[in-house]
Amino acid sequence: MTSNQAQIAATALRQAAKRLCRILSVLLIFALTACSSQSRATSPKEVRRLGGSAQAEESRRKAEKRLRSIAESYDKKTPLTLALVTLDDICSGGQAKQWFFQDGKDQYKIRCALRVTAYYGANPERIGDILDAVFTAGDHSSRGAIGDTIPFNHDSYRRRLVGYYRGHGPNPSGPDAEEPAQVFTPSQTLAWDTVRSSKKRLVQELAPCMKSDPPVTRCLHEPAHKAVADIRRQYGMVFKLELSTSDYYEVSKKGEVLIS
């Protein structure tokens with residue numbers, strides 16, 4: 001090999017080494033970024049610490065009080081009798097940085113959400129009057145009465161629904177439709193046992209309670225051993241109120257409290 005060829009080879013080797021160093025530097029930066037606190041999945045220990053913080057506990061208390069008050073308002077303002085309440089409370093940690101198929105779960109350290117469902121007993125012979133009373137309470141809410149929490153008012157469909165259950169009109173969903181057994185808004189769903197059809201559709205039994213491990217998970221059935229069938233035997237029929245899941249505490253990967 002001539003000296004000129006040796007110099008060319010040495011230059012090529014140096015350039016290859018520089019390219020390799022640049023590649024390694026990029027890979028190192030990428031690895032460090034992936035391991036940063038804002039890119040890692042939240043550890044179970046951190047979820048427990050944040051979920052048990054004073055701020056989270058206060059937010060949890062307020063959210064539970066608000067949702068329970070909604071369930072109780074049906075008992076106070078309508079002929080429905082509150083017989084059973086279930087509560088599911090979960091704090092989940094954020095995922096590691098999602099480079100593909102992002103769903104937002106990598107944007108927070110922790111998110112806590114509460115779900116409350118209430119079950120009521122009712123007289124099946126009075127279902128028309130019961131629904132009318134629920135919608136009347138909703139009429140007051142729609143007029144802006146402070147503290148009212150029932151969103152179902154006497155719109156056209158619900159007026160015909162009351163008439164149907166009182167035997168004054170046809171099925172508001174159509175002559176060939178199943179018996180209506182639900183009214184819905186984005187925040188609440190109120191469902192009930194069918195009472196006019198030969199083919200019964202009943203409010204389902206409770207799902208088994210998940211393991212309670214506060215502050216990460218809580219599951220309550222109050223009363224603890226009461227079943228939906230017990231309510232039906234005592235009152236004749238069951239109404240079920242599902243409240244939409246309420247996010248009550250969230251901390252971003254940067255440590256900012258987003259919901260409290």
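Reference entry: report on the structure contained in this document. (Residues numbered from 1 in each chain as written. Predicted model: local features only at pLDDT ≥ 70, side-chain atom pairs only at ≥ 80, totals over all residues. Heavy atoms only, no water.)

### Considering the pairing of strand β1 (residues 81–93)
Two strands pair when backbone bridges link them, and β1 and strand β2 (residues 108–122) are joined in this way by twelve bridges, in the antiparallel orientation. What sits directly across from G93, in β2, is I110. As paired elements, β1 and strand β5 (residues 217–222) share six bridges and run antiparallel to each other. In the strand pairing of β5, D89 is matched with R218. (Pairing = 2+ DSSP bridges. Helix = DSSP H or I, 4+ residues; strand = E, 2+ residues; numbered from the N terminus.)

### Concerning the pattern of salt bridges
Close approach of charged atoms allows side chains with opposite charge to pair. Taken as a whole and assessed by the stated rule, the structure comprises 19 salt bridges. Between R111 and E250 there is a salt bridge whose closest N-O contact spans 3.2 Å. Placement of R111 in strand β2 and of E250 in strand β7 (residues 246–252) is noted, with a sequence separation of 139 residues between them. Accessibility expressed as a relative area gives 9% for E250, which makes it buried. Ionic pairing is found between E242 and R115, a salt bridge with its closest N-O pair at 3.2 Å. In this pair, E242 sits in strand β6 (residues 237–243) while R115 sits in strand β2, placing the two residues 127 residues apart along the sequence. (Salt bridge = Lys/Arg side-chain N within 4 Å of Asp/Glu carboxyl O. Buried < 20%, exposed > 50% of the residue type's maximum accessible area, 1.4 Å probe, protein only.)

### Description of helix α2 (residues 44–51)
Turn by turn, an α-helix covers 3.6 residues, leaving residues three or four places apart pointing in a common direction. Among the residues making up α2, those that are buried are V47, L50 and G51. Down the axis of α2, the buried set is contained in an arc of 95°. They therefore lie on one face. In α2, the exposed positions angled more than 90 degrees off the buried face are occupied by K45 and R49. Buried residues along α2 sit in contact with α3 (54–77), β1, β2 and β7. (Arc of directions from axis to C-beta. Contact = heavy atoms within 4.5 Å.)

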